[in-house]
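# Structure assessment
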Amino acid sequence: MLAAMWCNGAVFGIQNSCGVLFVSMLRLFGSSDDKQLVFKTAWVGSLSMGMVFFCSPIVSIFTDLFGCRKVAVVGAAVGLVGLLSSSFVSTIEPLYFTYGILFACGCSFAYQPSLVILGHYFKKRLGLVNGIVTAGSSLFTVSLPFLLRVLIDSVDLYNTLRVLCILMFVLFLAGFTYKPLIPNTKDKEGGKKGKFKLPPAKKICNFSVFKVLSYRIWAFGIPAALFGYFVPYVHLMNHVKDRFGDSVPEEVLLLCLGITSGVGRLIFGRVADYIPGAKKIYLQVASFFFIGLMSMMIPLCNVFGALVAVCLFMGLFDGCFICIMAPIAFELVGAQDVSQAIGFLLGLMSVPMTVGPPIAGLLRDKLGTYDVAFYLAGVPPLIGGAILCFIPWVHERQKLKERAKPVDGETTEKMLENESTLVSDTTGKPVKELDSGF
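Here goes a summary of the coordinates provided. Nothing here was measured: the structure is a model prediction, and the numbers come from that model.

## Considerations on the overall build of the protein chain
- Looking only at helices and strands, one finds 20 helices and zero strands in the protein chain.
- Among the 438 residues that make up the protein chain, the fraction classed as buried is 53%.
- Split by element, the accessible area of the protein chain, about 19500 Å² in all, is 69% carbon and sulfur.

Shown next, in the form of structure tokens:
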């Protein structure tokens with residue numbers, strides 16, 4: 001659990017602190033002649049976060065084939081190489097590959113096994129455990145912005161990225177502690193001889209999870225809600241600089257997001273354990289409603305204190321949304337298919353999370369302000385939340401149909417048994433009468 005907690009902290013602590021890196025990149029690589037500077041720089045952070053989720057379906061396949069430990073260790077090593085190579089670039093374009101793709105792919109391969117391995121060890125209190133583990137990213141989100149600000153001011157951006165490589169190296173070591181209790185596909189196919197045969201394509205890409213209607217709605221409703229989700233993490237600090245200048249400590253906003261996100265994960269992770277079945281979805285519906293509302297309120301905050309209050313509420317419900325993803329997946333598809341169910345969902349999430357921040361940056365370049373960008377960022381969570389409201393009802397109907405099938409089968413079997421006994425009785429009675437007559 002501690003290794004999984006460190007993984008969440010290292011991966012999403014760095015990703016969520018990209019606002020600090022974003023401002024530093026604007027200063028380092030920017031020029032007064034570049035009219036699309038914010039748009040181009042926003043692609044670094046959004047591409048990185050998007051690739052973490054885009055690779056998830058592939059990661060789930062590798063996790064099923066080779067197990068959590070190998071996938072997590074290799075992923076951390078790739079992420080370490082990507083982050084280290086990012087510290088040697090001289091222009092913004094190479095960062096699209098080194099930081100946006102290579103580092104992010106490594107993070108993705110290290111992150112998802114940390115979710116899957118928890119289901120091997122915890123059943124009854126899985127919601128609480130997920131809350132504790134995902135709270136690791138909140139601890140890092142709270143502390144990293146201040147650390148990054150100090151490091152950037154003292155040793156510049158390049159050496160700061162090299163310092164962050166220490167987190168990835170510890171993550172590399174933590175991956176060795178993942179000991180799966182459920183055998184992976186390689187072990188099942190190999191058997192005792194240790195020979196590995198590639199399993200059928202249906203087992204490698206388990207698209208059967210999409211046959212579950214409630215999962216389909218969930219897998220498309222969540223991405224629909226996330227087009228504006230990552231916009232505050234990337235652009236909020238630059239928005240504060242535009243509106244308040246250097247007179248306020250903008251890192252405090254990320255601190256507020258991180259603290260209340262951690263609190264939300266612990267509270268709502270525990271609450272989710274007491275909510276039966278797919279009704280846990282209603283927690284995500286509420287979280288999307290408040291996230292959308294808070295995003296729309298950001299441009300209305302003309303006082304820094306009001307912006308702090310908005311970030312406190314946004315972080316609380318962000319923690320709620322994050323911590324119950326795995327428990328909901330377990331409820332909808334079962335433990336056997338949960339790895340690829342989470343993988344497909346995270347893969348679909350990659351598109352809106354990649355597209356949102358650059359569009360917000362483009363609006364900032366064109367309009368000179370972030371107001372319209374934050375207003376629009378609040379609309380998709382409201383729409384996505386409305387879609388998710390139907391899932392508990394759909395899931396309950398599916399359960400009733402599944403229960404009805406075996407009942408019908410048993411009824412027909414009993415009818416056949418009754419018919420056979422009646423036939424045997426009618427054929428047996430004349431024989432007994434003849435015997436008694438003699």
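## Topic: the pattern of salt bridges
- Applying the stated rule across the entire model yields four salt bridges.
- Between D242 and R364 there is a salt bridge, with the nearest N and O atoms lying 2.9 Å from each other. A residue pair is termed long-range when its members are at least 10 positions apart, and D242 in helix α12 (residues 231-244) and R364 in helix α17 (residues 338-367) qualify at 122 residues.
- On the basis of relative accessible area, R364 is assigned to the buried category, the value being 19%.
- Among the ionic pairs, R265 bridges to D318, the shortest N-O distance being 3.6 Å.

## With respect to the packing of aromatic side chains
- Under the counting rule described, the total for this entry stands at 17 aromatic pairs.
- Between F172 and F176, the aromatic rings sit 5.5 Å apart at their centres with planes inclined by 85 degrees, giving edge-to-face as the arrangement.
- Under the relative-accessibility criterion, F176 is labelled partly exposed at 44%.
- Taking the centre distance of 5.7 Å and the plane angle of 65 degrees together, the rings of Y229 and F321 count as edge-to-face. Placement of Y229 in the loop between α11 (213-225) and α12 and of F321 in helix α15 (residues 304-323) is noted, with a sequence separation of 92 residues between them.
- Overall, F321 belongs to the buried group, its relative accessible area being 1%.
- Of the aromatic side chains, those joined through ring pairs into one cluster are Y229, F230, Y233, F288 and F321.
- Over the aromatic face of F88 sits the side chain of R162, whose NZ or CZ is 4.5 Å from the ring centroid.
- Across the ring face of Y370, the terminal group of R364 is positioned such that the distance to the ring centre comes to 5.8 Å.

## Observations concerning unusual backbone geometry
- Residues other than glycine seldom take positive phi values, yet D156 does so here, at roughly 70 degrees.
- Position of D156 among the secondary structure elements: in helix α8 (residues 126-174).
- Judged by relative accessible area, D156 falls into the partly exposed class, the value being 36%.

## A look at a nonpolar patch on the surface
- Judged by side-chain polarity, F289, L293, M297, L300, Y375 and L382 come together as a nonpolar surface patch covering roughly 520 Å² of accessible area.
- Sorting elements by how many residues they give to the nonpolar patch places helix α14 (residues 281-297) first, with three residues.
- Looking at where Y375 falls in the secondary structure, it is placed in helix α18 (residues 371-377).

## Some thoughts on the packing of helix α4 (residues 56-66) against helix α5 (residues 68-86)
- Interaxial distance between α4 and α5 falls to 7 Å at its minimum, and their mutual angle equals 130 degrees. Here α4 lies oblique to α5, going by the angle between them. Note on element contacts: α5 touches α4 through C68, K70 and V71, opposite V59, F62, T63 and F66.
- When grouped by side-chain class, the residues that make up the contact of α4 with α5 number five nonpolar, one polar and one charged.

## Quick look at the nonpolar core
- Formed by 129 residues in total, the largest nonpolar core has its most connected members in Y215, W218, I222 and M349.
- Element by element, the count of residues in this core is highest for α8, at 14 residues.

Parameters at a glance
- Residues numbered from 1 in each chain as written.
- Predicted model: local features only at pLDDT ≥ 70, side-chain atom pairs only at ≥ 80, totals over all residues.
- Heavy atoms only, no water.
- Helix = DSSP H or I, 4+ residues; strand = E, 2+ residues; numbered from the N terminus.
- Buried < 20%, exposed > 50% of the residue type's maximum accessible area, 1.4 Å probe, protein only.
- Areas by Shrake-Rupley, 256 points an atom, 1.4 Å probe, with all protein chains shown as cover.
- Salt bridge = Lys/Arg side-chain N within 4 Å of Asp/Glu carboxyl O.
- Phe/Tyr/Trp six-rings, centres within 6.5 Å; stacked < 30°, edge-to-face > 60°.
- Lys NZ or Arg CZ within 6 Å of the ring centre and 35° of its normal.
- Patch = residues over 30% accessible without salt bridge, like charges linked within 9 Å, V, L, I, M, F, W, Y side chains within 5 Å.
- Axes fitted to C-alpha atoms, helices over the stretch in contact; angles between N-to-C directions.
- Parallel < 35°, antiparallel > 145°, perpendicular 65-115°, else oblique.
- Contact = heavy atoms within 4.5 Å.
- Nonpolar A, V, L, I, M, F, W, Y, C, P; charged D, E, K, R; others polar.
- Core = buried A, V, L, I, M, F, W, Y, C linked by side-chain atoms within 4.5 Å.

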